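Notes for the structure review
The residues making up each chain are set out below.
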Amino acid sequence: QVVMLVTCVEAYLQDVLTTAASVDPELMSKSEQRAPYADVITAASLEALANDLRARWARGWLSDGGPSRWIERLGKMGARGYPNDLGPRLERFWGIRHVIVHAAGVATADFVKRHPGVVKAAGNRVRVNHDDLKRFVDAVCAFIEPTDGFFLARYPSMLAAAPTAPAK
């Protein structure tokens with residue numbers, strides 16, 4: 001569940017950044033994105049190529065650090081309302097996700113050093129119980145609510161730019 005939630009938060013933020021860049025080209029004006037010639041000649045349209053560049057920029061934005069860095073960068077953009085301890089709370093679950101995916105759920109020495117108290121020692125299995133998961137969901141909400149509020153207040157047209165679900 002932690003792996004899925006981390007993935008969902010990352011996909012959410014990538015989508016928000018990509019959509020924001022589509023309504024405000026200034027947002028990524030200093031990104032120096034470039035399209036390889038092959039991408040240019042195979043693009044269905046200039047808009048499709050621009051969408052690809054925006055998505056690459058958003059992926060790069062995400063890969064430059066984790067939740068603490070994102071909150072810092074969003075704050076520099078003007079986002080407010082994140083609890084002071086939110087970055088470290090989220091980082092803990094990003095660390096758990098990393099250990100689950102890359103070490104089969106077994107704590108590494110680096111994990112123990114970065115996230116003291118999760119397990120007693122390297123080599124121990126990392127476990128997430130119901131209370132841990134609830135704390136993670138609460139932290140995710142504490143991240144998404146001010147992030148949504150910021151982007152929608154700054155770029156109200158994002159609501160119109162976002163894809164809508166088909167009617168049933």
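All values reported here derive from a predicted model rather than from experimental measurement.

About the cut-offs
- Residues numbered from 1 in each chain as written.
- Predicted model: local features only at pLDDT ≥ 70, side-chain atom pairs only at ≥ 80, totals over all residues.
- Heavy atoms only, no water.
- Core = buried A, V, L, I, M, F, W, Y, C linked by side-chain atoms within 4.5 Å.
- Buried < 20%, exposed > 50% of the residue type's maximum accessible area, 1.4 Å probe, protein only.
- Helix = DSSP H or I, 4+ residues; strand = E, 2+ residues; numbered from the N terminus.
- Contact = heavy atoms within 4.5 Å.
- Polar contact = N/O pair within 3.5 Å; in protein donor to acceptor, adjacent residues only side chain to side chain.

Some words on the nonpolar core
Core analysis: the largest hydrophobic core is formed by 41 residues, its most contacted members being Leu 90, Phe 136, Phe 143 and Phe 151. The set of elements that each furnish at least two residues to this core consists of helix 1 (2-23), helix 3 (46-63), helix 4 (67-77), helix 5 (86-103) and helix 7 (130-154). Leaving out residues up to four positions away in the same chain, Leu 90 has contacts with Pro 67, Ile 71, Phe 136, Ala 139, Val 140 and Phe 143.

Side note on the side chain of Thr 18
Here Thr 18 lies in helix 1. Within polar-contact distance, the side chain of Thr 18 engages the backbone oxygen of Gln 14 at 2.8 Å. When residues no more than four places from it in sequence are discounted, the contact partners of Thr 18 are Arg 54, Ala 55 and Ala 58.

Quick word on unusual backbone geometry
In this model, Ala 104 sits at a positive phi of 55 degrees, which is unusual for a non-glycine residue. Mapped onto the elements of the fold, Ala 104 is located in the loop between helix 5 and helix 6 (109-114). In this structure Ala 104 comes out as exposed when scored by relative accessible area, which is 54%.

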